[in-house]
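Residues per chain, in single letters:
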Amino acid sequence: MNDLSWINAALAAARPQAVGALLRYFRDLDRAEEAFQEAALRALKNWPQNGPPRDPAAWLIMVGRNAALDGVRKDARTVALPDDDAISDLDDVETPLAERLDGSHYRDDVLRLLFICCHPDLPATQQIALALRIVSGLTVKQIARAFLVSEAAMEQRITRAKQRVARADVPFEAPGPVERSQRLAAVMAMVYLVFNEGYSAGDGEARAALCDEAIRLSRLLLRLFQTEPEVMGLAALMILQHARARARFDADGEIILLEDQDRSRWNGELIGEGLALMDKAMRHNRPGAYQIQAAIAATHSRAVRAADTDWAGIDALYAALERMQPSPVITLNRAVATAKIAGPEAALAMIAPLESALSGYFHFYGARGAFLLQLGRTAEARTDFGRAIALANTPAEAAHIRRHLDRHLADAAAK
Amino acid sequence: MLYAVLCYHDENLVWSWSKEEDAVLMDKIGAVRGKLTAQGKLGASLRLMPTTAATTLRKNQDPPLVIDGPFAETKEQLLGFYILDVENLDAALDAAREIAKVNPGGAFEIRPIAVFNPDERTA
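Given the structure is predicted, the values throughout are model-derived calculations rather than measurements.

Chemist: Pulling in residues and values, what's your account of the overall build of chain B?
Modeler: Summing up its helical and strand segments, chain B has three helices and six strands in all. Each principal axis of the C-alpha distribution contributes one length, and for chain B these read about 45 × 35 × 35 Å. Counting all 123 residues of chain B, 23% fall into the buried class. A fraction of 76% describes how many contacts in chain B between residues 6 or more apart in sequence connect residues 24 or more apart.

Okay, here's the thing in structure tokens:
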């Protein structure tokens, strides 16, 4: 690996901790971010010459902090701090400061950073944008590309988010245990939204990067909450879903349904990690929505062939999820499993009450059309598929329904 | 003499490598592994999942306590190991240096193996 890619990986890895600590010093997101940028620039110059520091995060915090203070002091025409090029490692640094940088603040610093990005005053779109910019360090351009908006629009979204956070007067002391668990839920939701942004339309490179980033954030979160089964569940859910990434799209970028995927293209290493996390989560006997969804993904992962899928198990898991978190979308998903074990008639009955709630939802008409087709009610199915195409969010979704329709109509004609 | 080469590195960093960077590195390591294997110096080697997948059994009490996470919270984590079958420490260090050349950063702990029970399962 060359210097540059090593340094970039090191900067990405150290970023949450370093920006979190700088935020603790400066109590201002912009200043913390600028200080980190400055430190990162100096790292690019310094590290190839002096070799990488033993603790890149501590180096970046020190240098970033000094650079920012330096700027302030130059303004005030006072004495500058020692040249940071002289700092090759923490050994050179005054001990008390090094100790303060060490460990104890790590958890609170990173948490505070995540909590600020998920401040309840921020709408979800701003939370995601802010987290990807501040915590993950993606460029505005990268984020804009992933969300299919202009760079200027994304810049504005992030600026607005920062202004709101500044106005909201976020407390900078370490959050108490109750607040911690409340806001943990918000952070998990944000991370899962990042993942779904990447997953839903996916094969674009910028979007796939969002899935990787969400998984990285979940591992970070899991290191902060090592014994929290829902965090294990969230990480497992995303890892298991992402394990199927290579099999989800064909050469033309069209969606391949789970049951039609070439399972040899699933990533066995990721599946192993997802299942391992599920094993850990189950031991706690504290089920939650992420764990159940992960268990559903795990059930799919365990089926060597689509025909081996334990649909009764999946149906039961969806039933549990419905009880925990009643939602028409979950019932719709359950109906797909129900159709497999009790037939399309039962599935249609299950989703009949959902139409008014899901009348704007592409998957509702796609699923109902498929059930109707199985019952030979072709004309009604065709109407539903037409609606699904009109409601599709992406060309890949629309193409998928069209292909589904074509195939079944061809099958019907051949009979 | 059998040696274990225990690989320590900052897992935050290692898991921040892009897929491409990781693949390039694994290719390079694969080449060195191939060479050492051909020379009869390298036995089994393995890469561990992130410590977030780890569970620790604390057995200084009865019954032992199951704890989520790795044994120790450290800046650098045990990420994998190689088994070497070489003459002496110098030869072990030479082999470890060859691997280190393509995989810099972190540390290798070279630890002589006292008892080695091979895999005796029948297929």
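Chemist: Let's hear about helix H13 (residues 289-302) of chain A: which residues, and what values?
Modeler: Residue and element names in this part refer to chain A. Taking 1.5 Å of rise per residue, the 14 residues of H13 would be expected to cover 20 Å, and the 20 Å separating its terminal C-alpha atoms lies within 8% of that figure. For H13, the complete set of buried residues consists of Tyr290, Gln291, Ile292, Gln293, Ala294, Ala295, Ile296, Ala297, Ala298, His300 and Ser301. Summarising the contacts, the buried residues of H13 are in contact with helix H9 (177-200), helix H11 (229-242), helix H12 (268-282) and helix H14 (311-324).

Chemist: Can you lay out the environment of isoleucine 292 of chain A for me, pointing to particular residues and giving the numbers?
Modeler: Residues and elements named next belong to chain A. Residue placement: isoleucine 292 occurs in helix H13. When the 23 C-beta atoms within 10 Å are taken as the criterion, isoleucine 292 is described as buried. Between the alpha carbons of isoleucine 292 and alanine 320 there is a distance of 7.8 Å; along the sequence they are 28 residues apart.

Chemist: Report on the sheet that holds strand E2 (residues 42-47) of chain B, specifying residues and quantitative values.
Modeler: Residue and element names in this part refer to chain B. Taken together, the four strands give an open sheet; going across it, the order is E2-E5-E1-E6, and neighbouring strands pair in antiparallel fashion. Edge strands, defined here as strands with exactly one partner in the open sheet, are E2 and strand E6 (107-112). Going across the sheet, the axis of each strand differs from the next one's by a mean of 20°, ignoring polarity. Pairing analysis gives four bridges linking E2 to strand E5 (residues 77-85), with the strands arranged antiparallel. When the sheet's bridge partners are listed, leucine 42 is paired in E5 with leucine 84. Against the sheet, helix H3 (residues 89-102) touches strand E1 (2-9), E5 and E6, its axis set at about 155° to E6.

Chemist: Which residues make up the nonpolar core, and what values go with them?
Modeler: Residues and elements named next belong to chain A. One finds Leu60, Cys117, Val191 and Ala236 to be the most contacted residues of the largest nonpolar core, which totals 130 residues. Counting residues per element, this core draws most heavily on helix H1 (residues 3-26), which supplies eleven residues. The residues touching leucine 60, leaving out its near neighbours within four places in the chain, are Ala14, Ala18, Phe36, Ala39, Ala40 and Ala43.

Chemist: Residues and numbers for the confidence of the model for chain A, please.
Modeler: Looking at chain A, pLDDT values average 86 and 87% of them are 70 or higher. The low-confidence segment residues 88-96 of chain A, where pLDDT is below 50, has 13 contacts with residues more than four positions distant or belonging to other chains.

Chemist: Which residues make up the interface of chain A and chain B, and what are the values?
Modeler: Opposite the 19 residues of chain A that make contact, chain B presents 18 residues. Counting residues per element, the ones that place at least two in the side of chain A that touches chain B are H1, helix H10 (205-224) and H12 of chain A. If one sorts the elements of the side of chain A that touches chain B by residue count, H1 of chain A sits on top with five residues. The class makeup of the residues in the side of chain A that touches chain B is nine nonpolar, three polar and seven charged.

Chemist: Any chance you could break down the pairing of strand E4 (residues 65-68) of chain B for me, citing the residues and the numbers?
Modeler: Residues and elements named next belong to chain B. Both strand E3 (residues 55-58) and E4 contribute to a ladder of four bridges, which runs antiparallel. The residue of E4 that forms the bridge with arginine 58 is leucine 65. The antiparallel pairing of E3 with E4 creates a hairpin that spans six residues between the two strands.

Chemist: Break down the packing of helix H15 (residues 328-342) of chain A against helix H16 (residues 344-351) of chain A for me, with residues and values.
Modeler: Residue and element names in this part refer to chain A. Interaxial distance between H15 and H16 falls to 7 Å at its minimum, and their mutual angle equals 160°. Judged on the interaxial angle alone, H16 and H15 are roughly antiparallel. When the axes of H15 and H16 are compared, the crossing they make is right-handed. Counted together, Thr331, Leu332, Ala335, Thr338, Ala339 and Ala342 of H15 and Pro344, Ala346, Ala347, Met350 and Ile351 of H16 form the full contact between these two elements. Of the residues that constitute the contact of H15 with H16, the class distribution is nine nonpolar, two polar and no charged.

Rules and cut-offs
Counting restarts for each chain, with residues numbered from 1 along the sequence as it is written. Chain letters and ligand numbers both follow the written order, the letters beginning at A and the numbers at 1. The model is predicted, so local features are restricted to residues of pLDDT at least 70 and side-chain atom pairs to those at 80 or more, both for listing and for counting; the totals for chains, interfaces and linings are taken over all residues. Think of it this way: any DSSP run of H or I at least four residues long counts as a helix, any run of E at least two long counts as a strand, and we number them from the N terminus. Residue burial here comes from a neighbour count, namely the number of other C-beta atoms, placed from the backbone, that lie within 10 Å of the residue's own C-beta, with 20 or more meaning buried, 12 or fewer meaning exposed, and in between meaning partly exposed. Here contacts are defined at the residue level, using C-beta atoms placed from the backbone and a cut-off of 7 Å between them. Here a helix's expected span is defined as the number of its residues, less one, multiplied by 1.5 Å. Strand pairing requires that DSSP identify at least two bridges connecting the strands. Angular values range over 0 to 180 degrees, each being the angle between N-to-C directions of two axes fitted as lines to C-alpha atoms, with helices fitted over their stretch in contact. One nonpolar core equals one set of buried Ala, Val, Leu, Ile, Met, Phe, Trp, Tyr and Cys residues connected by C-beta atoms within 7 Å. Scored between 0 and 100, pLDDT is the confidence that the predictor attaches to each residue. The nonpolar class holds Ala, Val, Leu, Ile, Met, Phe, Trp, Tyr, Cys and Pro. Asp, Glu, Lys and Arg form the charged class, and all remaining residues, Gly among them, are polar. Roughly parallel refers to an angle under 35 degrees, roughly antiparallel to one over 145, roughly perpendicular to one between 65 and 115, and oblique to any angle outside these ranges. It is the rotation of the near helix from the far one that decides the hand of a crossing: anticlockwise by less than a right angle makes it left-handed, clockwise makes it right-handed.

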